[in-house]
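Each chain is listed here by its residues.
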Amino acid sequence: MSDNLQPRGSDDTSFAQPLYTPIKRRSFFMYAGATAGASALVLAGCSKDSNNATPSLPAGNSVTSSGAISLGSGDVGVLNFAYALEQLEADFYSKVAALPQGILTGSEYAYFQEVAKHEAIHRDFFKAALTRDASGQVLRGLTPKYPAATFTDRTNILATAKAFEDLGVAAYNGAGKLIKTPAYLVIAGQIVSVEARHAAYIRELVTPGSFAADDIVNATSGLDDQKSPTDVIVIAQNFITEKLDASTVGK
Amino acid sequence: MDFFKIIDQLSEVDADVLGRFNSRRAVFGSLGTAAKRSALAATPLFLGALFQKAYAGTAATGVEVLQYALALELFEQDFYAKVKASSPYANASAADKAAIDQIKKHEDSHVTLLRGAISGLGATPVTGVTFKAAVFAGLTTFKSGAAATTQLGIAQLLEDTGVRAYKGRAGELLGTDLLTVALQIHSVEARHAAKIRDMRGQRAWVNPADDLAAHPVYTSGVTAGSTPAAFGLVVPAYTAASPVENNTTQSGVDIKAGLGATYTASDAAAAFDEYLQVAEVLDNSRAGGLIGA
């Protein structure tokens, strides 16, 4: 990812602070006592402690010891993982779609209006599916953050869109095998190819002829990129205020 | 329980078993800390999980899906080979030629990859799946003219069908590394489809405003009872036609009005690509009508 996609001026301590609860945790261990007793209680203690510390989270958004929101495990984890990415994409495109005309060319502007709808649909669909199938474990609404110049010129908008679309494709490709329910796999497959179509088109806008260039599709194997959920979140995290933990996705 | 002794005994009846594990070291590396290894390696649970992993997707169904994928890739490969040898291609712009060359390169890679995987699973890869020469002879222009009679018009139908075809069998590879490979090919096919559409002045995704939107590939579900040409492939039974591309209901959710916001039918349909079952892909209205000598 290029330098201009790195977030600028993000303040890690300010947003993470409410999720850390040093005082509560310390007092808990004081009560728990020493050595054997403490270690036996650590798991239960952490979980309870975290829930108390984050009353704004809906049930199911448990927080790891590092203060991150766990995306959950099993298929719910995969769906929440996809929901997190679609939230980010939908937010990005809604902001692009709301820009005044002139930053993008006329045809690009029209194109982004449509893509914004697709991504909003993906986001809303995952929320609806999760609410139906895993009520209480739906990831909360996230707060995207962007480098300062993201929306000011065409180059930055296209570069960010390209990074998001390629990342989305790699994310779905990598998470597919973690899915256990065939119906979810079909839906993920129905969405990832639309993301790949977006990615190819955006790439053409950035560099004509790069729709499936060797930097994204392996020149020897002919395979598109794929990334594990934890690797994807490391990258996506640069654009999301809340700290996310994908270590249990699909497990 | 001597773990290596079991592996060695197994390799006597299945010479490939060691190849199925990445390596002995990788097997133990995946176990985590040294403390866990000695405890876990001796348990039946671990052995069961290990063998399940080693053999996952290598059952008959995995080979069948790969053969199906290979047949479609051979078909596409031959189509683009025919395009590249034709005079319309020779007269195309440099940018369009470069795009076709890149797509052909990927189809070649997919053929090689799938052949290797099928051979590796002990089966003989399918051969001789070609684009019907008589049909190709009718494609006299690269992209101008009536959409479905130009080379790129057919390319668009083929790529969109390929994307749908991979989706239709992904479920049979659930949970295996073969699925990851299939998905990685699948998204490349979607990139191809988007580019071909772009070259034709169409939107990158399937939508009702297409010049080909009324083509049976996008509008007709095929019902059971059709007689697909099956080059030695297993065609799974099915009872209901797959959704057509203007479908606006996914997983029982009405995308237009069921999401807390209102979306147009066009956006609802475009946001999801649909899947196709084998008999539908091989039906005469789709690839089946184009496969042959």
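Residues numbered from 1 in each chain as written. Chains lettered and ligands numbered in written order. Predicted model: local features only at pLDDT ≥ 70, side-chain atom pairs only at ≥ 80, totals over all residues. Heavy atoms only, no water.

J.: Lay out the packing of helix α8 (residues 94–120) of chain B against helix α11 (residues 177–199) of chain B in plain terms, naming residues and giving numbers.
T.: Residues and elements named next belong to chain B. At a minimum axis separation of 11 Å, α8 and α11 run at an interaxial angle of 160°. In this view, α8 runs roughly antiparallel relative to α11, as classed from their interaxial angle. When the axes of α8 and α11 are compared, the crossing they make is left-handed. Judged by residue contacts, Asp96, Ala99, Ile100, Ile103, His106, Glu107, His110, Leu113 and Leu114 of α8 engage Val181, Ile185, Val188, Glu189, His192, Lys195, Ile196 and Met199 from α11. Its residues placed into classes, the contact of α8 with α11 shows ten nonpolar, three polar and four charged. (Axes fitted to C-alpha atoms, helices over the stretch in contact; angles between N-to-C directions. Helix = DSSP H or I, 4+ residues; strand = E, 2+ residues; numbered from the N terminus. Parallel < 35°, antiparallel > 145°, perpendicular 65-115°, else oblique. Left-handed = near helix turned anticlockwise from the far one by under 90°. Contact = heavy atoms within 4.5 Å. Nonpolar A, V, L, I, M, F, W, Y, C, P; charged D, E, K, R; others polar.)

J.: Outline the confidence of the model for chain A, supporting the account with residue identities and numerical values.
T.: For chain A, per-residue confidence averages 82 on the pLDDT scale, and 76% of positions sit at 70 or higher. In this model, residues 1–56 of chain A is a region of pLDDT below 50 whose contacts with residues beyond four sequence positions or in other chains number 48 contacts. (pLDDT = per-residue confidence, 0-100.)

J.: Quick rundown of the packing of aromatic side chains? Include the residues and the values.
T.: Residues and elements named next belong to chain A. Taken as a whole, this structure holds 17 aromatic pairs over all chains when the rule is applied. Aromatic side chains Tyr93 and Phe112 sit 5.7 Å apart centroid to centroid with 35° between the ring planes, which places their arrangement in the tilted category. Placement of the pair is Tyr93 in helix α4 (residues 74–97) and Phe112 in helix α5 (residues 106–133), with a sequence separation of 19 residues. You can call Tyr93 buried: its relative accessible area is 0%. The exposure class of Phe112 is buried, given its relative accessible area of 1%. (Phe/Tyr/Trp six-rings, centres within 6.5 Å; stacked < 30°, edge-to-face > 60°. Buried < 20%, exposed > 50% of the residue type's maximum accessible area, 1.4 Å probe, protein only.)

J.: Go over the pattern of salt bridges, please, and point to the residues and values.
T.: Residues and elements named next belong to chain A. Taken as a whole and judged by the stated rule, the model has 24 salt bridges over all chains. Two residues, Asp215 and Arg203, come together in a salt bridge whose shortest N-O distance is 3.0 Å. With a gap of twelve residues between them, Asp215 in the loop between α7 (182–206) and α8 (229–236) and Arg203 in helix α7 connect regions that are remote in the sequence. Assessed through its relative accessible area of 55%, Asp215 is described here as exposed. (Salt bridge = Lys/Arg side-chain N within 4 Å of Asp/Glu carboxyl O.)

J.: Outline the environment of Val206 of chain A, listing residues and values.
T.: Residue and element names in this part refer to chain A. By the secondary structure assignment, Val206 is in helix α7. Looking at Val206, the relative accessible area reads 34%, which means it is partly exposed. Along the chain, Val206 and Gln237 lie 31 residues apart, while their C-alpha atoms are 24 Å from each other. The contact partners of Val206, leaving out residues within four places of it in the chain, are Leu158 and Lys162.

J.: I'd like a rundown of the side chain of Gln190 of chain A, residues and numbers included.
T.: Structurally, the position occupied by Gln190 of chain A is in helix α7. Taking relative accessible area as the criterion, Gln190 of chain A reaches 2% and is therefore assigned buried. At 3.0 Å, the side chain of Gln190 of chain A and the side chain of Glu274 of chain B are in polar contact. Residues within four places of Gln190 of chain A in sequence aside, it is in contact with Lys167, Gln250, Ala271, Phe272, Asp273 and Glu274 of chain B. (Polar contact = N/O pair within 3.5 Å; in protein donor to acceptor, adjacent residues only side chain to side chain.)

J.: For the nonpolar core, give the residues involved together with the corresponding values.
T.: Counting residues in each nonpolar core, the largest one holds 138 residues, and the members touching the most others are Phe112 of chain A together with Phe79 of chain B. The biggest single contributor to this core is α4 of chain A, with 13 residues. Setting aside anything within four residues of it in sequence, one finds Phe112 of chain A in contact with Tyr93, Val96, Leu104, Ile157, Leu158, Ala161, Ile202 and Leu205 of chain A. (Core = buried A, V, L, I, M, F, W, Y, C linked by side-chain atoms within 4.5 Å.)

J.: Account for the interface of chain A and chain B, naming residues and giving values.
T.: The interface of chain A with chain B comprises 53 residues on the first partner and 53 residues on the second. The junction of chain A with chain B conceals about 4400 Å² of combined surface from both sides, 62% of it contributed by carbon and sulfur atoms. Linking chain A with chain B are eight salt bridges. The interface formed by chain A and chain B includes 26 residue pairs in polar contact (both at pLDDT 80 or more). Listing elements by their share of the side of chain A that touches chain B, those giving two or more residues are α5, α6 (154–175) and α7 of chain A. The leading source of residues in the side of chain A that touches chain B is α7 of chain A, at 18 residues. For the side of chain A that touches chain B, a count of residues per class yields 27 nonpolar, twelve polar and 14 charged. (Buried area = accessible area lost by both parts, 1.4 Å probe.)

J.: So what's going on with α11 of chain B? Which residues, and what values?
T.: Residues and elements named next belong to chain B. Taking 1.5 Å per residue, 23 residues should reach 33 Å; α11 reaches 34 Å between its end C-alpha atoms and fits that length. Of all 23 residues in α11, 20 are buried, a share of seventy percent or more. Its side-chain oxygen placed 3.3 Å from the backbone nitrogen of Leu178, Thr176 serves as the N-cap of α11. A positive backbone phi angle near 80° is found at Gly201, which sits one or two residues after α11. (Expected span 1.5 Å × (residues − 1).)

J.: Go over the packing of helix α10 (residues 151–170) of chain B against α11 of chain B with me, naming the residues and quoting the values.
T.: All names here are of chain B. Viewed as axis vectors pointing N to C, α10 and α11 meet at an angle of 155°, and their least axial separation amounts to 9 Å. By the angle between their axes, α10 is roughly antiparallel relative to α11. Judged by the twist between their axes, the crossing of α10 over α11 is left-handed. Residues Leu152, Ala155, Gln156, Glu159, Asp160, Val163, Tyr166, Lys167 and Ala170 of α10 touch α11, and the partners they reach there are Leu179, Ala182, Ile185, His186, Glu189, Ala190, His192, Ala193, Ile196, Arg197 and Met199. A class-by-class count of the residues in the contact of α10 with α11 yields twelve nonpolar, three polar and five charged.

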